[in-house]
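Architecture at a glance
Take a look at the letters that make up each chain.
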Amino acid sequence: AQTVTQSQPEMSVQEAETVTLSCTYDTSESDYYLFWYKQPPSRQMILVIRQEAYKQQNATENRFSVNFQKAAKSFSLKISDSQLGDAAMYFCAYIGNYKLTFGKGTLLTVNP
Amino acid sequence: NAGVTQTPKFQVLKTGQSMTLQCAQDMNHEYMSWYRQDPGMGLRLIHYSVGAGITDQGEVPNGYNVSRSTTEDFPLRLLSAAPSQTSVYFCASTNNQPQHFGDGTRLSIL
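Attention here is on the structure that accompanies the text. (Residues numbered from 1 in each chain as written. Chains lettered and ligands numbered in written order. Predicted model: local features only at pLDDT ≥ 70, side-chain atom pairs only at ≥ 80, totals over all residues. Heavy atoms only, no water.)

**Focus: the pattern of salt bridges**
All names here are of chain A. This is how it is decided: For this document, the term salt bridge refers to a Lys or Arg side-chain nitrogen within 4 Å of an Asp or Glu carboxyl oxygen. Here a helix means four or more residues in a row that DSSP labels H or I, a strand means two or more in a row labelled E, and each is numbered from the N terminus.
All told, the structure shown has 6 salt bridges over all chains when counted by the stated rule. Asp-86 is the salt-bridge partner of Arg-63, the closest N and O atoms lying 2.8 Å from each other. Residue Arg-63 is located in the loop between β7 (60-61) and β8 (64-69), and its partner Asp-86 is located in the loop between β9 (74-79) and β10 (88-96); the two are separated by 23 residues in the primary sequence. The network of salt bridges with common partners includes Arg-50, Glu-52 and Lys-55.

Okay, structure coming up:
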């Protein structure tokens with residue numbers, strides 16, 4: 001079974017600075033997707049960024065980028081120029097064979 | 001275009017009662033799924049469907065039933081509610097990644 005591990009239950013960052021959230025996963029599949037979702041207090045699940053496993057290039061979406069290390073099964077999220085609106089719970093997720101598996105989440109606090 | 005619509009948004013039940021959480025999508029997605037979110041646990045897959053007439057179990061299926069008679073709808077049934085089923089429930093759909101999530105249903109079992 002696939003597993004996703006987020007080793008940081010909570011993180012904090014100063015506004016305008018950079019923070020990296022960690023995620024590791026375990027799978028025997030070669031073709032899969034990885035995601036980072038953001039969940040603000042409104043509880044909406046908002047897609048931040050996605051990465052296809054077959055792509056070597058790391059995905060980037062504006063201030064959000066990933067460091068995808070397939071051999072190490074690592075998928076970290078870097079948030080640059082952090083903003084107050086980035087404060088939320090962040091979930092790393094893996095999908096293979098239709099089943100989406102989530103990590104337990106990292107609560108990010110942004111300090112003004 | 002409403003996306004994924006879940007009803008109700010909130011519900012309180014007594015132990016032993018049954019109810020159905022509704023999920024509908026208007027994007028003609030083949031794949032639909034149900035998750036529950038508990039504090040400190042992330043989201044866990046309950047049941048999923050890869051098309052009309054096809055359903056399968058996820059990680060935590062006990063106490064829940066699903067059916068998929070149409071592409072649009074994927075209801076989740078609690079057969080006999082238990083306090084352990086108190087949670088926030090999310091429905092999601094996709095044809096290709098990523099999945100689109102509904103806004104969730106907060107369910108409390110007393």
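**Focus on the sheet that holds strand β7 (residues 64-66) of chain B**
Residues and elements named next belong to chain B. Rules: The pairing criterion for strands is at least two bridges between them, as found by DSSP. Note on geometry: axes are lines fitted to C-alpha atoms, helical ones only across the stretch in contact, with angles between N-to-C directions running from 0 to 180 degrees.
Strand order in the open sheet formed by 4 strands is β1-β3-β8-β7, and the pairing between neighbours is antiparallel. At either margin of the open sheet sits one strand with a lone partner, and together these are β1 (4-7) and β7. Averaged over neighbouring strand pairs, the angle between their axes works out to 20 degrees when direction is ignored. In the sheet, β1 pairs with strand β3 (residues 19-25) via 4 bridges, with the strands oriented antiparallel. Following the sheet pairing, Val-4 is matched in β3 by Gln-25.

**A word on the interface of chain A and chain B**
Selection rule: Note on definitions: a residue-residue contact is assigned when non-hydrogen atoms from the two residues lie within 4.5 Å. Two parts placed together each lose some accessible area under a 1.4 Å probe, and adding up what both lose gives the buried area. Polar contact is the term for a pair of N or O atoms within 3.5 Å; when the atoms are in protein, one must be able to donate a hydrogen and the other to accept it, and sequence-neighboring residues count only if both atoms are side-chain atoms. Residue classes follow a fixed rule: Ala, Val, Leu, Ile, Met, Phe, Trp, Tyr, Cys and Pro count as nonpolar, while Asp, Glu, Lys and Arg count as charged, and any other residue, Gly among them, counts as polar.
Across the boundary between the two partners, chain A contributes 17 residues, which contact 24 residues of chain B. Taken over both partners, the interface formed by chain A and chain B buries close to 1,700 Å², and the fraction arising from carbon and sulfur atoms is 59%. It is A:Arg43, A:Tyr98 and A:Phe102 that lose the most area in chain A upon contact with chain B, and together they represent 34% of the buried surface on that side. Our count for the contact surface shared by chain A and chain B stands at 0 salt bridges. At the junction of chain A and chain B, the tally comes to 5 residue pairs in polar contact (both at pLDDT 80 or more). Secondary structure elements with two or more residues in the side of chain A that touches chain B: β5 (33-39), β6 (46-52), β10 and β11 (99-102) of chain A. Of the residues forming the side of chain A that touches chain B, the biggest block, 4 residues, is contributed by β5(A). Class assignment for the residues of the side of chain A that touches chain B results in 10 nonpolar, 3 polar and 4 charged.

**Regarding the state of the cysteines**
Counted only if it meets this: Criterion for a disulfide: a pair of cysteine sulfur atoms at a distance within 2.5 Å. Think of it in three bands: with a 1.4 Å probe and only protein chains considered, a residue is buried below 20% of the maximum accessible area for its type, exposed above 50%, and partly exposed in between.
Applying the stated criterion across every chain yields a total of 2 disulfides over all chains. Linked covalently through their sulfurs, A:Cys23 and A:Cys92 form a disulfide whose S-S length is 2.0 Å. Judged by the sign of its S-S torsion, about -70 degrees, the bond between A:Cys23 and A:Cys92 is left-handed. Here A:Cys23, found in the loop between β3 (19-21) and β4 (24-26), pairs with A:Cys92, found in strand β10; they are 69 residues apart in sequence, far enough to count as distant. Comparing A:Cys23 with A:Cys92 shows no difference in burial state: the two are buried. In this model, B:Cys23 is linked to B:Cys91 through a disulfide, with the two sulfur atoms separated by 1.8 Å. Across the disulfide from B:Cys23 to B:Cys91, rotation about the S-S bond amounts to roughly -75 degrees, and the bridge is consequently left-handed. Remark: B:Cys91 occurs in strand β9 (residues 87-94) and B:Cys23 occurs in strand β3; sequence separation between them is 68 residues. Residues B:Cys23 and B:Cys91 agree in their burial class; the two are buried.

**Regarding the environment of A:Ile79**
All names here are of chain A. When you line up the elements, Ile-79 lands in strand β9. By relative accessible area, Ile-79 is classed as buried at 0%. In this structure, the C-alpha to C-alpha distance between Ile-79 and Asn-58, residues 21 residues apart in sequence, is 14 Å. Residues in contact with Ile-79, not counting those within four places in the same chain, are Glu-17, Thr-18, Val-19, Arg-63, Phe-64, Asp-86, Tyr-90 and Leu-108.

**Some remarks on the packing of aromatic side chains**
Condition: Any two rings among Phe, Tyr and Trp, with Trp reduced to its six-membered ring, count as a pair given centres within 6.5 Å; such a pair is stacked if its planes are under 30 degrees apart, edge-to-face if over 60, and tilted if neither. In this analysis the charged atom, NZ for Lys or CZ for Arg, is taken to sit over a ring once it is within 6 Å of the ring centre and within 35 degrees of the ring normal.
Per the stated rule, a full pass over the model turns up 16 aromatic pairs over all chains. The structure contains a cluster of three or more aromatic residues connected by ring pairs, namely A:Tyr33, A:Phe35, A:Tyr37, A:Phe91, A:Phe102, B:Tyr35, B:Phe90 and B:Phe101. Here A:Arg43 stacks its cationic end above the ring of B:Phe10, 5.3 Å away from the centre of that ring. For B:Arg68, the ring lying beneath its charged end belongs to B:Phe74, and the centroid distance is 6.0 Å.

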